[in-house]
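A closer look at the structure
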Amino acid sequence: MDPSRIYELDRQHVFHSWSAQAQIKPMVVTRAEGSRVWDGDGKDYLDFSSQLVYTNIGHQHPKVIEAIQRQAAALCTMAPGTAVESRSEAARLIAEQAPDGLEKVFFTNGGADAVEHAIRMARLHTGRTKVLSCYRSYHGGTHLAVNVTGDPRRWASDNGSAGTVHFFGPFLYRSAFNATTEEEECDRALAHLEQVIALEGPGNIAAVILESIPGTAGIMPPPPGYLAGVRELCDKHGIVYIADEVMAGFGRSGRWFGFEHGDVVPDLITFAKGVNSGYVPLGGVIIDDAIAATFDDRVYPGGLTYSGHPLACGAAVATIETMREEQIVENAARLGVEIFGPGLAKIAEAHPSVGEVRGMGAFWAIELVRDPATREPLAPYGASSDAMNAVVAAMKSDGLLPFANYNRIHVVPPLNISDEDAHRGLEIIDRALETADAAVS
Ligand code: PLP
């Protein structure tokens, strides 16, 4: 189809997510491969977004494409109540990557429904209703998932949030606790959570849900000891610890799961995105033995028509096997240490508009400010600004697709991006930030 026709039909008939429909101009994409995406004019871009941070093995990986074709030919679909090869094998591989003691997988269609089901399991397991989650978090767009979300996407739908309570997680650069060191931030954030638990009534709290490394909210790796402290508080009060690994999981941070950096074992793990690089929609919950046992002789009251869809599971099997064979997670860790860490530190030094860079693996945020002293963001929380739009436009015109959120640019390319492309992307960012520097007072 002619690119102009694709665009015309999109504008006539496609209703887009999170958008004022008349104010958007969706980019026409005609092709993608590895870390490259081509637009309707044939211009190619370096994908530094992995779309919505999910194409961890890049676009059109031949081994996954081949597996999807093979699965489609063998068995396209089969209801969730059956036992089929790709579902059994995907569950085995996923459980194998998870810590010992988490052996069962409930499959969903994506991240938000994984969060919904994890919370449902925690509530039924504990017989309690409240759920604690962080400000500056994202857990999904379905109703309960949007209610536990701690970012502005919650505000318009915050009308059915019975039992959801928000607290401050650690974020030293914009500390809610006036902390000046990582250690102080960790101690004070844990003391704050302990107080919230006490004031909400520990006997009423089913779960604490945490992104192991908050993603869209700003890629804020927790300080050493924080996740262990959360684990301890949950143990003390019989609260289920849910690690939301939808974005951080499957290699993004240079480990299979983000919580591995904190050396903790959650009770439930939600995943989606990277499990099969989003080639076919898939998410799920990895369940620890004690919670799984709750439903041995008691019906789990939940399910989905496409739970464990064979095509999606076939893609997951090929993705996980390929990630192991090609050492893609190890490569993400190396990229962080050898290229993104040092490269972004240099960028931070060179540009007054960069308040902070932080991250690990292929999971980095550049926090842009108008004033380095006051840390006033380049766009207000929950909004955009002309200055941010100009930075994004500069990157795009120079051939890079960035992931931008409020006052931040996230560096989140596929985990197997070539070193040459990783360097080239940083050079484009470096040039584009001159636009941001012009807005610094
Ligand atoms: N949880 C986290 C941490 C996410 O980043 C996202 C999506 O970005 C979700 C849940 C929701 O996933 P989905 O959009 O697949 O429903």
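All values reported here derive from a predicted model rather than from experimental measurement. (Residues numbered from 1 in each chain as written. Predicted model: local features only at pLDDT ≥ 70, side-chain atom pairs only at ≥ 80, totals over all residues. Heavy atoms only, no water.)

**What about the overall build of the protein?**
Let me state the cut-off plainly: What counts as a helix is a DSSP run of H or I of at least four residues, what counts as a strand is a run of E of at least two, and both are numbered from the N terminus. Throughout, the radius of gyration refers to the C-alpha atoms, and the reference size of a globule is 2.2 Å times the residue count to the power 0.38. Think of it in three bands: residues with accessible area under 20% of the maximum for their type are buried, residues over 50% are exposed, and the middle band is partly exposed, with areas taken using a 1.4 Å probe on protein chains only. Between two residues, a contact is recorded if the distance between any of their heavy atoms is within 4.5 Å. Note on areas: Shrake-Rupley, 1.4 Å probe, and residue coverage restricted to the protein chains presented here. None of His or the chain ends enter the tally, which takes Lys and Arg as positive and Asp and Glu as negative. By convention, the point assigned to a charge is CZ for Arg, NZ for Lys, CD for Glu and CG for Asp.
Of the regular secondary structure elements, the protein holds 13 helices and 16 strands. Taken over the C-alpha trace, the protein has a radius of gyration of 21 Å; the compact-globule value for 441 residues is 22 Å, and the two agree within 12%. Taken along its principal axes, the extent of the C-alpha atoms in the protein is 60 × 60 × 45 Å. The burial tally for the protein puts 54% of its 441 residues in the buried class. In the protein, of all internal contacts separated by at least 6 residues, the share reaching a separation of at least 24 is 71%. For the protein, the accessible surface area stands at approximately 18,500 Å², while carbon and sulfur atoms represent 52% of it. Positive and negative charge centroids in the protein, built from 36 and 56 side chains respectively, lie 4 Å apart.

**Quick notes on the sheet that holds strand β3 (residues 44-47)**
Rules: By the convention used here, strands pair only if DSSP detects at least 2 bridges between them.
Reading across from one edge, β1-β2-β3-β14 is the order of the four strands in this open sheet, with mixed pairing throughout. The sheet is open, and its two edges are formed by β1 (29-33) and β14 (400-401), each paired on a single side. Sheet topology places β1 next to strand β2 (residues 36-39); four bridges connect them, and they run antiparallel. Residue Val-29 lies in a different strand from β2, and its bridge partner there is Asp-39.

**Focus on the pattern of salt bridges**
Rules: Salt bridges are identified by distance alone: a Lys or Arg side-chain nitrogen within 4 Å of an Asp or Glu carboxyl oxygen.
Per the stated rule, a full pass over the model turns up 27 salt bridges. Across the salt bridge formed by Arg-231 and Asp-267, the nearest N and O atoms sit 3.0 Å from each other. Of this pair, Arg-231 sits in helix α8 (residues 226-237) while Asp-267 sits in the loop between β8 (240-244) and β9 (268-271); the two residues are 36 residues apart in sequence, bridging distant segments of the chain. Here Arg-231 falls in the buried class, since its relative accessible area comes to 13%. Note on Asp-267: relative accessible area 13%, which makes it buried. Measuring nitrogen to oxygen at the nearest pair gives 2.9 Å for the salt bridge that ties Asp-398 to Arg-431. Of the two residues, Asp-398 is situated in the loop between α12 (386-397) and β14 and Arg-431 in helix α13 (residues 419-437); the sequence distance between them amounts to 33 residues.

**Description of helix α4 (residues 85-97)**
Put simply, the test is: To estimate the expected span of a helix, subtract one from its residue number and multiply by 1.5 Å.
With 13 residues, α4 should cover 18 Å at 1.5 Å per step; its first-to-last C-alpha distance of 18 Å lies within 8% of that length. Among all positions in α4, only Ser-86, Arg-87, Ala-90, Ala-91, Leu-93, Ile-94, Ala-95 and Gln-97 are buried. In the core, the buried residues of α4 are packed alongside α3 (62-74), β4 (102-108), β9, β10 (283-288) and α10 (310-325).

**Structural notes on the pairing of strand β12 (residues 363-371)**
Extensive coverage of β12 is indicated by the burial of eight of its nine residues. As paired elements, strand β11 (residues 354-360) and β12 share six bridges and run antiparallel to each other. Each residue of the ladder has a partner; that of Glu-356, found in β12, is Glu-367. The hairpin turn running from β11 into β12, its antiparallel successor, is two residues long, and Gly-361 in that turn takes a positive phi close to 60°. Both β12 and strand β16 (residues 408-411) contribute to a ladder of four bridges, which runs antiparallel. Bridged to Ile-366 within β16 is Ile-409. As judged from the two bridges shared by β12 and strand β13 (residues 376-377), these two strands associate in the antiparallel manner. By the bridge assignment, Asp-371 is partnered in β13 with Glu-376. Where β12 folds back onto β13 in an antiparallel hairpin, the turn is made up of four residues, including Arg-375, whose phi is positive at roughly 65°.

**A short note on the state of the cysteines**
Note the threshold: The criterion for a disulfide is a pair of cysteine sulfur atoms lying within 2.5 Å.
Tallying each qualifying case throughout the model produces zero disulfides. Cys-186 takes part in no disulfide bond, and the closest cysteine sulfur to it belongs to Cys-134, at a distance of 13 Å. The thiol sulfur of Cys-313 is not disulfide-bonded, and the nearest other cysteine sulfur, from Cys-76, lies at 13 Å. Overall, Cys-313 belongs to the buried group, its relative accessible area being 0%.

**Details of the side chain of Arg-358**
How we decide: Nitrogen and oxygen atoms within 3.5 Å of one another constitute a polar contact, given that in protein one can donate a hydrogen and the other can accept it, and given that sequence-neighbouring residues count only through two side-chain atoms.
Turning to its location among the elements, Arg-358 is positioned in strand β11. One polar contact links the side chain of Arg-358 to the main-chain carbonyl oxygen of Ile-219, over a distance of 3.1 Å. Within the structure, Arg-358 has its side chain in polar contact with the side chain of Glu-356 (distance 2.7 Å). With near-sequence residues (within four places) excluded, Arg-358 lies in contact with Phe-171, Tyr-173, Gly-218, Ile-219, Met-220, Pro-221, Phe-363, Trp-364, Ala-365, Glu-367 and Arg-408.

**Quick word on the packing of α4 against α10**
Rules: Whenever a helix is involved, its axis is fitted only over the stretch in contact; in every case the axis is a line through C-alpha atoms, and angles between N-to-C directions fall within 0 to 180 degrees. Orientation categories follow fixed angle ranges, with anything under 35 degrees roughly parallel, anything over 145 roughly antiparallel, 65 to 115 roughly perpendicular, and all other angles oblique. What makes a crossing left-handed is the near helix being turned counterclockwise from the far one by less than a right angle; a clockwise turn instead makes it right-handed. Polar here means any residue other than Ala, Val, Leu, Ile, Met, Phe, Trp, Tyr, Cys and Pro, which are nonpolar, and Asp, Glu, Lys and Arg, which are charged; Gly is therefore polar.
It is the contact of α4 with α10, at a shortest axis distance of 8 Å, that shows an interaxial angle of 40°. Put simply, α4 runs oblique to α10. Between α4 and α10 the crossing geometry is left-handed. Across the interface between the two elements, Ser-86, Arg-87, Glu-89, Ala-90, Leu-93, Ile-94, Glu-96 and Gln-97 of α4 pack against Pro-310, Cys-313, Gly-314, Ala-316, Val-317, Ile-320, Glu-321 and Arg-324 of α10. Among the residues making up the contact of α4 with α10, the classes are represented as eight nonpolar, three polar and five charged.

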